[in-house]
Amino acid sequence: MKLRINRSLLRKAVVPAVALLIMGILFGPARGSIMPHYEDAGGPLASKFSFTEMPIKLPPGLNRDRKIRTVRKEYANLQAWISAIGSSVAMTDLTGSGLAQDLCLVDPRSDSVIITPTPDSDTSRYEPFVLDPKPLLTDESTVPSGCIPGDFNGDGRMGLLVTYYGRTPILYLQRSDAKKLDAGAFRPVDMVPNPNTGDGLYHGRRWITATAVVSDFDGKGKPDIFIGNYFPEMDVLAPEGRRSLSMPDGFATAKNGGESKIFTLDTYASGHDPDVRYSEVSDAFPIGMNTGWTLAAAAIDLKGDQLPDLYVANDFGPDHLFVNKSTPGHIKFDYAVGHRDPQTPKSSVMGQDSFKGMAAEWGDLCGNGKPDLFVSNIAVTWGLMEGHFAFCNTAKDGADAARRLDAGDAPFVNRAADMGVAFDTWGWDAKLGDFNNSGHNELVQANGMIKGKVNRWPQIQEIGTMNDDLVKYPYAWPIIGPDADLAGSDPVAFYAPDGNGKFVNLTHALGMDTPVPSRGIAVGDTSGNGALSIAVARQWGDPSYYHNNRAADAGQFLGLKLFKPTYPGTDVTTSISGKPILGVPAVDTQVEVRTPDGRLHIGHLDGGSGHTGKRALEVHIGLGQIDPNTPLDVLLRWRDANGGSHEQTIKLAPGWHNVKLTADAQEVKG
């Protein structure tokens, strides 16, 4: 019997197979070049950093065993997914000591907001305690989700904005006559007035808030508050809740999430019973862009007009870059999207992406002396391989940025793959900082989703490929229950630049590879020596603290604590520590300094950008190896207490400085 071969069919089968083989051969090396690179302990890059992990002291008697939340029965199959967010950490100075030696933690295991000293400070100053919302009302559907430090009533004493799932935010204002730091030092005040019927039950709005940012959006001289909500208003955590339930109306383009909101300060008061009143801005965002599944947000002035622009990262829909078009007393945003060329996938274009945005961090990431942006997404190499974003700023200068942004063109290009920070794991909060004062920023990223015993990646892959019309139905989703594991052992990432345009992940080399999912990242100089330490909030695990050991042999730095005068009518003169009050943090102030090698370094006083991690209210800029006595020209741009716009260059040597900003900038000695 003679075998007859159909050459046409053979050719149709062989040609695609050969093409796939060639693609595999070519993609293998290419894929290797964009995967994250790790360095072992003792490597040349890892030797430039040193951290000591220290336990964070928590109040006694708190639950530390709970690993999941109780949810509505309609969401029973998604119990672990709904339980996967809510851990938070902020680094701040609550006593007015001049050092960011206090932590505000949200621990979902006990649903507590905890104040505790950083473990590398004098921990005998006070005992850790829990903030008490009473007499304000909460219930079983109310749990804290974030903590943002700020001086909300303008008296020079630091307060705390606490966001919630299941209620509106609470402002914990520090009493002006408090002599010690404990729960009694704060008065809880509703940011949004809630009805009190006398029945002891909460009858207010059911916001599901995942992030908040404090920034002066209209340039009037006093900060505003951005609230980013995830779910629409609903009783997601009440087993017998009555409000209707909502799920995303698509996996990549959903717009039916919670509302983005901005509030402006109306009245304020200091004293034993401090108080504030805020009003909601009704028309701040473009029509149809005020809702989304928001997990992170970040504010910075991109145009040089001292009006901060706002990036909002959404989980189930495209992120938004809102361009500030405000005038004093009237907050208004337009938006801009990135340019797409034939070689750029839509998913990598700013404002047109379909990825799961979970962090937003402005800073000089690309080494260009301009504000760039890092955004965390799901980037598990064998799971939902979306990829993180490193949006490098391509504007020539501030004037070019203003022209392009006002025309709706976002001057940013995603270069995460080229830089080695695109693909690794399921990312969350991220913070930039120069941890060895080399003059180049490193990147710290929280990672991991759910820690359990059963790998649920096959089910997540099903979600990513199922019909978009089914996403809005909870019962159409697979079971993600208490036993689920999704990137549950992925540690915090510590990316350091290698000097050749790439970043190397040093997490294993530095001993920061605890295999527990993390959420919030806070950074700050707790010792006053220019070395930034790191606090990590973990989901269903003990928080971690990494003390920075590299001060003596590190490079020089410029540290600025920037203040504006306290608000008229406040009469507080000293802090709990007994030191004189210098003013309120001059949020949004921009800083530029050029080192003798001609390199431009930038910074800004961030009022609380990110997911659930908040850095200390200070500006830290690494300068590299320069003479510590070198006088530096430091350019400051700020709005004064009345909204006046100012720009001034002052001479400062490396090190920490207190600077008061009025109509001019003056260093406060001592």
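Within an unreviewed UniProt entry, the label attached to the protein reads RNA-binding protein, and the organism entered is Nocardia terrae.

Draft legend 1. Here's a closer look at the UniProt feature "domain: ASPIC/UnbV" (unreviewed entry) in the protein. Taken from the UniProt record, the annotation "domain: ASPIC/UnbV" (unreviewed entry) applies to residues 586-641. The straight-line gap between the two end C-alpha atoms of residues 586-641 is 9 Å; of that span, 0% is helix and 46% is strand.

Draft legend 2. A look at the sheet that holds strand β5 (residues 112-117). Reading across from one edge, β6-β5-β4-β3-β38 is the order of the five strands in this open sheet, with mixed pairing throughout. Since the sheet does not close on itself, it has two edges, and those belong to β6 (129-130) and β38 (613-614), each with one partner. Sheet topology places strand β4 (residues 102-107) next to β5; six bridges connect them, and they run antiparallel. What sits directly across from L105, in β5, is I114.

Draft legend 3. A look at the confidence of the model for the protein. Averaged over all residues, the pLDDT of the protein is 92; the fraction at 70 or higher stands at 95%. In this model residues 19-30 is a low-confidence stretch, pLDDT under 50, and it forms zero contacts with partners more than four residues away in sequence or in other chains.

Draft legend 4. Structural context of the environment of P308. Along the chain, the position of P308 falls in the loop between β16 (294-300) and β17 (309-314). Along the chain, P308 and N324 lie 16 residues apart, while their C-alpha atoms are 6.4 Å from each other.

Draft legend 5. Quick look at the state of the cysteines. A complete count under the given rule lists two disulfides for this structure. Bridging C104 to C147, the disulfide has an S-S length of 2.0 Å. Torsion about the S-S bond of the C104 and C147 cystine: about 100°, corresponding to right-handed handedness. In this pair, C104 is assigned in strand β4 and C147 in strand β7 (residues 143-150), connecting sequence segments 43 residues apart. Residue class for C147 comes out buried when judged on its relative accessible area of 1%. The disulfide bridge from C366 ends at C392, spanning 2.0 Å between sulfur atoms. Around the S-S axis, the bridge from C366 to C392 shows a dihedral of about -85° and counts as left-handed. Of this pair, C366 sits in the loop between β20 (361-363) and β21 (372-375) while C392 is found in strand β22 (residues 389-393), placing the two residues 26 residues apart along the sequence. Exposure remark for C366: the relative accessible area of 24% places this residue in the partly exposed category.

Draft legend 6. Main features of the packing of aromatic side chains. Under the defined criterion, the tally for this structure stands at 28 aromatic pairs. Pairing Y230 with F231 gives two aromatic rings, centres 5.2 Å apart and planes at 85°, and the pair type is edge-to-face. Taking the relative accessible area as the measure of exposure, F231 reaches 5% and is therefore buried. Pairwise contacts between aromatic rings join Y75, W81, Y230, F231, F251, W293, F316 and W477 into one cluster.

Draft legend 7. Region of interest: the side chain of R615. Looking at the element boundaries, R615 is found in the loop between β38 and β39 (619-624). Reaching out from R615, the side chain makes a polar contact with the side chain of E361 at a distance of 2.7 Å. Among the polar contacts made by the side chain of R615, one reaches the main-chain carbonyl oxygen of L432 at a distance of 3.0 Å. Discounting residues that sit within four places of it in the chain, R615 has contacts with M91, E361, K431, L432, V523 and D606.

Draft legend 8. Region of the structure containing the domain arrangement of the protein. When its domains are assigned, the protein resolves into domain 1 (7-33), domain 2 (46-548) and domain 3 (558-668). For domain 2 versus domain 3, the separation of C-alpha centres amounts to 24 Å. Between domain 2 and domain 3, the contact holds 83 residues from the first and 52 residues from the second. Counting the surface lost from both domain 2 and domain 3, the interface buries some 4900 Å², and carbon and sulfur atoms represent 49% of this. The tally of links from domain 2 across to domain 3 stands at one salt bridge. For the salt bridge of E361 with R615, the shortest nitrogen-to-oxygen distance reads 2.7 Å. On the surface where domain 2 and domain 3 come into contact, there are 44 residue pairs in polar contact (both at pLDDT 80 or more). Among the elements of the structure, β3 (88-92), β7, β11 (209-215), β13 (258-269), β16, β20, β25 (427-433) and β31 (518-524) are those that each provide at least two residues to the side of domain 2 that touches domain 3.

Draft legend 9. Inspection of the pairing of β16 at higher detail. A large share of β16 lies buried, amounting to seven of its seven residues. The pairing of β16 with β17 spans six bridges and is antiparallel. Residue pairing across strands places A296 opposite A313, the latter belonging to β17.

Draft legend 10. The arrangement of the sheet that holds β25 in detail. Judged by pairing direction, the sheet is mixed, and its five strands sit side by side in the order β1-β30-β29-β26-β25 without closing on themselves. The open sheet is flanked by β1 (37-38) and β25, the only strands paired with a single partner. Where β25 lies against strand β26 (residues 442-447), five bridges are found, and the strand directions are antiparallel. Each bridged residue has a counterpart across the sheet, and for A430 the counterpart in β26 is Q445.

Draft legend 11. Summary view of the side chain of T570. When you line up the elements, T570 lands in the loop between β34 (556-564) and β35 (584-585). Take T570: its relative accessible area is 15%, and that puts it in the buried class. Within the local environment of T570, its side chain forms a polar contact with the backbone oxygen of Y567, the two atoms lying 2.7 Å apart. When residues no more than four places from it in sequence are discounted, the contact partners of T570 are N153, G154, D155, Y268 and S270.

Draft legend 12. Spatial organisation of the environment of G292. With respect to the secondary-structure elements, G292 resides in strand β15 (residues 291-292). Assessed through its relative accessible area of 1%, G292 is described here as buried. The sequence separation of G292 and N256 amounts to 36 residues, and the corresponding C-alpha distance is 5.9 Å. Not counting residues within four places of it along the chain, the set of residues in contact with G292 comprises N229, Y230, K255, G257, G258 and N314.

Draft legend 13. Structural detail: unusual backbone geometry. Cis rather than trans, the peptide bond between K134 and P135 has omega equal to 15°. For P135, the location among the structural elements is in the loop between β6 and β7. A positive phi angle is found at Q306, which is not glycine, with a value near 60°. Here Q306 is to be found in the loop between β16 and β17. With phi around 50°, A487 is a residue other than glycine that occupies positive phi space.

Draft legend 14. Looking closely at the pattern of salt bridges. All chains considered together, the criterion is met by 36 salt bridges. Salt-bridge contacts for D406 lead to K303; the nearest nitrogen and oxygen are separated by 3.1 Å. Residue D406 is located in helix α3 (residues 398-406), and its partner K303 is located in the loop between β16 and β17; the two are separated by 103 residues in the primary sequence. Looking at D406, the relative accessible area reads 40%, which means it is partly exposed. We classify K303 as buried; its relative accessible area is 10%. Salt bridges sharing partners connect three or more residues here, namely K303, D305, K325, D334 and D406.

Quick notes on the rules
Residues numbered from 1 in each chain as written. Predicted model: local features only at pLDDT ≥ 70, side-chain atom pairs only at ≥ 80, totals over all residues. Heavy atoms only, no water. UniProt positions renumbered as here; feature names shortened; annotations may be inferred. Helix = DSSP H or I, 4+ residues; strand = E, 2+ residues; numbered from the N terminus. Pairing = 2+ DSSP bridges. pLDDT = per-residue confidence, 0-100. Contact = heavy atoms within 4.5 Å. Disulfide = S-S within 2.5 Å. Buried < 20%, exposed > 50% of the residue type's maximum accessible area, 1.4 Å probe, protein only. Phe/Tyr/Trp six-rings, centres within 6.5 Å; stacked < 30°, edge-to-face > 60°. Polar contact = N/O pair within 3.5 Å; in protein donor to acceptor, adjacent residues only side chain to side chain. Domains from an automatic or database assignment. Buried area = accessible area lost by both parts, 1.4 Å probe. Salt bridge = Lys/Arg side-chain N within 4 Å of Asp/Glu carboxyl O.

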